[in-house]
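Listed below are the residues making up each chain.
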Amino acid sequence: MHLLLLDGFNLLHDGVPVVVPRGLQRIIALVGLRPGATRAHLAGLLWPDTPEERAMSSLRTALWRLRQEGSCPVLTAGDTVRLDPQVRLDIDDLVRAADRVRDDGDPRWATKIRGAGRHDLLPGWYDEWVLLERERLRQLRLHMLEEIARSHLRAGQHGDALQAALEAVRAEPLRETPHRLVVEIHLDEGNAYEALQAFYVYRDLLLRELQLEPSETMCALLSDLLAPISRPPGARPSGTRPSPAHTGTYRDRPALPAVPGRP
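Below, the discussion takes up the side chain of Asp127. Tracing the sequence through the fold places Asp127 in the loop between α5 (110–115) and α6 (128–154). Note on Asp127: relative accessible area 18%, which makes it buried. Of the polar contacts made by the side chain of Asp127, one reaches the side chain of Arg26; its length is 2.8 Å.

Written out as structure tokens, the structure reads:
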């Protein structure tokens, strides 16, 4: 059996979808996200506003209903409830791939990280336990994508590095670190125009959505490129390298130098 929780609830038995009522979906999903949880813990998460005795009764009824199904993916052992060991969980695939990338740096797992988790955990579900796990998995994937991009960049594999960085950008467009990696990759490859273009695309997005400037760290990446056009005509280079942005509030900062074709 295969339990899919990314991009919605799906339970497959030998590749065939199993129809599961929504109330039972919540129990199966929670058991998958909380392996080996006690009955009291599950009941408290599933019925947080219900008295404990009634919540435990509701859980017993739901588990009984699940056992009547021909393809029950849940096992109970004493006070604990867990998925059947034969059930494969898509979230486990993502976590295992992330562990291999972090521990071994094995690039063969990079494709799994890029492909897995492109969709949120159980979209449309707003239980607190879903929201917490959704954010944990999102952050896990973002950090792993960035680490994959850095590993490829260190190895001089610019194409693979760019793919991983852009996948992280797609997952969280306002997050600065993947945009910074895109700029670094273009600079390392010697593509000055593309580095500038990537910087200004992100800067425009950040100004439009949050009225913020990119960080000093990101601006400093382009200081060597922008230094010649930042100096007044005829001025001699000083010992201090100018940065395309300055400290201070957004309203106090002077505009960055213009790029051809960009206002």
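By size, the foremost hydrophobic cluster in this structure holds 64 residues, and its most contacted members are Leu3, Leu5, Phe9 and Leu121. Ranked by residue count, the leading element in this core is α6, at eight residues. Residues in contact with Leu3, not counting those within four places in the same chain, are Phe9, Asn10, Leu11, Ile28, Leu83, Val87, Arg88, Leu89 and Asp90.

Another aspect to go through is unusual backbone geometry. Here the phi dihedral of Asp7 falls at roughly 70°; this positive angle occurs in a residue that is not glycine. A positive phi angle, close to 45°, is found at Leu122, a residue other than glycine. Looking at the element boundaries, Leu122 is found in the loop between α5 and α6. A residue is classified by how much of its surface remains accessible, and Leu122, at 0% relative accessible area, is buried.

With that settled, the discussion passes to the packing of aromatic side chains. All chains considered together, the criterion is met by one aromatic pair. Plain terms: the ring middles of Phe199 and Tyr200 are 5.2 Å apart, the flat faces sit at 90° to each other, and that makes the pair edge-to-face. With a relative accessible area of 0%, Phe199 lands in the buried category. Note on Tyr200: relative accessible area 3%, which makes it buried.

Going through the model one piece at a time under the given rule, you end up with 15 salt bridges. Of the charged contacts in the structure, one is a salt bridge between Arg141 and Glu167, with a shortest N-O distance of 2.9 Å. Of this pair, Arg141 sits in helix α6 while Glu167 sits in helix α7 (residues 158–171), and the two are 26 residues apart along the sequence. The same class applies to Arg141 as to Glu167, namely buried. Notably, a salt bridge pairs Glu167 with Arg170, separated by 3.4 Å at the nearest N-O pair.

Considering the arrangement of structural elements, one finds Asp93 in helix α4 (residues 90–104). At 2.7 Å, the side chain of Asp93 and the side chain of Arg96 are in polar contact. In this structure, Asp93 is in contact with His2 and Arg88, ignoring residues within four places of it in sequence.

Moving on to the sheet that holds strand β5 (residues 74–77). In spatial order, the strands read β4-β6-β5; together these three strands make up an open sheet with antiparallel pairing. What marks the edges here is a single partner per strand, and that holds for β4 (37–38) and β5. In terms of strand pairing, β4 meets strand β6 (residues 80–83) through two bridges, oriented antiparallel. Following the sheet pairing, Thr38 is matched in β6 by Thr80. The sheet contacts of helix α1 (residues 22–33) involve β5 and β6, and relative to β6 the element is tilted by about 90°.

Conventions used here
Residues numbered from 1 in each chain as written. Predicted model: local features only at pLDDT ≥ 70, side-chain atom pairs only at ≥ 80, totals over all residues. Heavy atoms only, no water. Helix = DSSP H or I, 4+ residues; strand = E, 2+ residues; numbered from the N terminus. Buried < 20%, exposed > 50% of the residue type's maximum accessible area, 1.4 Å probe, protein only. Polar contact = N/O pair within 3.5 Å; in protein donor to acceptor, adjacent residues only side chain to side chain. Core = buried A, V, L, I, M, F, W, Y, C linked by side-chain atoms within 4.5 Å. Contact = heavy atoms within 4.5 Å. Phe/Tyr/Trp six-rings, centres within 6.5 Å; stacked < 30°, edge-to-face > 60°. Salt bridge = Lys/Arg side-chain N within 4 Å of Asp/Glu carboxyl O. Pairing = 2+ DSSP bridges. Axes fitted to C-alpha atoms, helices over the stretch in contact; angles between N-to-C directions.

Purely geometric numbers; function is a separate question.
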